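Coordinates in review
One letter stands for each residue in the lines below.
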Amino acid sequence: MVKSNWNTNDITNQNNRVVIVTGATSGLGKEATKILAAKNATVIMAVRNTEKGKSVATEFKKVIPDAKIEVRKLDLGSLDSIKSFTEGINNSYNSLDILINNAGVMACPFSKTKDNFEIQMGTNHLGHFALTGLLMPLLKMTKASRIVATSSIAHRQGNINFEDINWERRKYATGKAYADSKLANLYFCYELAKKLREDQNAPIVTAAHPGWTATDLQRHFLLFRILNPIIGQNAANGVLPTLRAALDESAKPGDYFGPSGFMEGKGAPIIVRSNEMSNNVVNAKRLWDLSEELTGVKY
């Protein structure tokens, strides 16, 4: 993969392609939706707040009159909502070209999802695990389909406690819980890519991280709010690794994209390396088995 200055000009016409973007009302998801709609893709905004989603879709249609955007309800903190969403997609569509697992929560106070999972692991990993599993038959029916997991530089601080994944026996450390969830996103990508290796109909599974990108996700961190205007990049640049992971035809299963600049903070999207912990195959398998058990979704 020699191109080092990949940008939206490298995205071909996406007409007749169907894309789901989770968390599409703000930040990276909103930016991805706008860019993909402008490239003629049919974009399904999978969002918790459908009123906000409709407002964003209306905003885009003012500048992209022919935009094909649909807003659908999805709460990744509820397995019932995930099942309802995937049933709707499977009933409405006979193909799914790209699933961008973008939605996330970051460094929020301790709480639980509707299914009693710690909020960050539950939303960022377990919700997307269930979503992807329930959409897998449709993805396999679609030639050259792709799944993108969204991780973070923060994965480097992750070290999942498998005995207490929901933080019921430890004092809650919200930054650590976030880092664990972002490490989980990479375990998911690498383990799924491995499981699908021999399947000719399987989607390509990739991952991406946005570097230091100024988004609403960081609202709980004062330091981020102070430093964002100084060293952060905007969402239009931060989403490029995600889009390259979703669209670059030379991408291979398990490729991980991030910014090319200093410490992967900003810059054009390239293939980057995740840390040694994220490549621990025993942990990846353990998380996979635990995720199937917790969500009830078997691949």
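Since the model is a prediction, treat every value here as computed from it, not as a measurement.

At their nearest, the axes of helix 4 (residues 119–141) and helix 9 (residues 281–295) sit 10 Å apart, and the two run at 75 degrees to each other. In terms of axis orientation, helix 4 runs roughly perpendicular to helix 9. From helix 4, His125, Leu126, Phe129 and Ala130 reach across to helix 9, where they touch Leu287, Trp288, Ser291, Glu292, Leu294 and Thr295. Here the residues of the contact of helix 4 with helix 9 are counted per class, giving 6 nonpolar, 3 polar and 1 charged.

The next thing to look at is the packing of helix 4 against helix 5 (residues 174–195). Relative to each other, helix 4 and helix 5 sit at 20 degrees, their axes nearing to 7 Å. Judged by the inter-axis angle, helix 4 sits roughly parallel to helix 5. Residues Gln120, Met121, Asn124, His125, Phe129, Thr132 and Met136 of helix 4 lie in contact with helix 5, whose contacting residues are Thr174, Ala177, Tyr178, Asp180, Ser181, Lys182, Ala184, Asn185, Phe188 and Leu192. Residues of the contact of helix 4 with helix 5, tallied by class, amount to 8 nonpolar, 7 polar and 2 charged.

Another aspect to go through is the nonpolar core. Ranked by internal contacts, the top residues of the largest apolar core, which has 49 residues, are Ile20, Phe85, Ile89, Leu131, Leu135, Ile160 and Leu192. Secondary-structure elements contributing two or more residues to this core are strand 1 (18–22), strand 2 (42–47), helix 3 (79–92), helix 4, strand 5 (146–150), helix 5, strand 6 (204–208) and helix 9. Among residues more than four places away in sequence, those in contact with isoleucine 89 are Ile20, Ile44, Arg72, Leu135 and Leu138. Residues Ala57, Ala67, Ile69 and Ala251 belong to the second largest nonpolar core, which totals 32 residues.

Take the sheet that holds strand 1 next. Overall, mixed pairing links the 8 strands, which are arranged 3-2-1-4-5-6-7-8 in an open sheet. Each edge of the sheet is formed by a strand with only one pairing partner; in this case those strands are strand 3 (68–73) and strand 8 (269–271). For this sheet, the mean angle separating the axes of adjacent strands, direction not counted, is 20 degrees. Packing of helix 8 (residues 240–247) onto the sheet brings it into contact with strand 4 (98–101), strand 5, strand 6, strand 7 (256–259) and strand 8, and relative to strand 5 it is tilted by some 155 degrees.

Turning our attention to the packing of aromatic side chains. Applying the stated criterion across every chain yields a total of 7 aromatic pairs. Aromatic pair phenylalanine 129 and tryptophan 288: ring centres 4.9 Å apart, planes at 75 degrees, arrangement edge-to-face. Of this pair, phenylalanine 129 sits in helix 4 while tryptophan 288 sits in helix 9, and the two are 159 residues apart along the sequence. Grouping residues by exposure puts phenylalanine 129 and tryptophan 288 together as buried. With centroids separated by 5.9 Å and ring planes inclined at 5 degrees, the aromatic side chains of phenylalanine 188 and tryptophan 288 adopt a geometry described as stacked. Highlighted residues: phenylalanine 188 in helix 5 and tryptophan 288 in helix 9, separated in sequence by 100 residues. Accessibility assignment for this pair places phenylalanine 188 and tryptophan 288 in one class, buried. These aromatic residues form a ring-pair network of at least three members: Phe129, Phe188, Trp288 and Tyr299. Between the NZ or CZ atom of arginine 170 and the centre of the ring of tryptophan 167, over which it lies, the distance is 3.6 Å.

Conventions adopted
Residue positions are counted from 1 within each chain, in the order its sequence is given. Reporting of local features is limited, given that this is a predicted model, to residues whose pLDDT is at least 70; pairs of side-chain atoms are given and counted only at 80 or more, and all residues count toward the totals for whole chains, interfaces and linings. To get the side-chain values, take all heavy atoms of the structure and skip hydrogens and water. Throughout, an axis means a line fitted to C-alpha atoms (over the contacting stretch in the case of helices), and angles, computed between N-to-C directions, take values from 0 to 180 degrees. Helix and strand definitions here come from DSSP, where helices need a minimum of 4 consecutive H or I residues and strands a minimum of 2 consecutive E residues; each element is numbered from the N-terminal end. Here the word oblique covers every angle except those under 35 degrees (roughly parallel), over 145 (roughly antiparallel) and from 65 to 115 (roughly perpendicular). In what follows, a contact means two residues having at least one pair of non-hydrogen atoms within 4.5 Å. Classification convention: Asp, Glu, Lys, Arg as charged; Ala, Val, Leu, Ile, Met, Phe, Trp, Tyr, Cys, Pro as nonpolar; all other residues, Gly among them, as polar. Working definition of a nonpolar core: buried Ala, Val, Leu, Ile, Met, Phe, Trp, Tyr and Cys residues. They are joined through side-chain atoms within 4.5 Å. Partly exposed describes any residue whose relative accessible area lies between the buried limit of under 20% and the exposed limit of over 50%, with all areas from a 1.4 Å probe on protein chains only and scaled to the type maximum. Pairing between two strands requires that DSSP report at least two bridges joining them. Ring pairs shown here join Phe, Tyr and Trp side chains whose ring centres sit within 6.5 Å, with only the six-membered ring taken for Trp; geometry is labelled stacked below 30 degrees between planes, edge-to-face above 60, and tilted in between. By definition here, charges over rings are those cases where NZ of Lys or CZ of Arg is within 6 Å of the ring centre and within 35 degrees of the ring normal.

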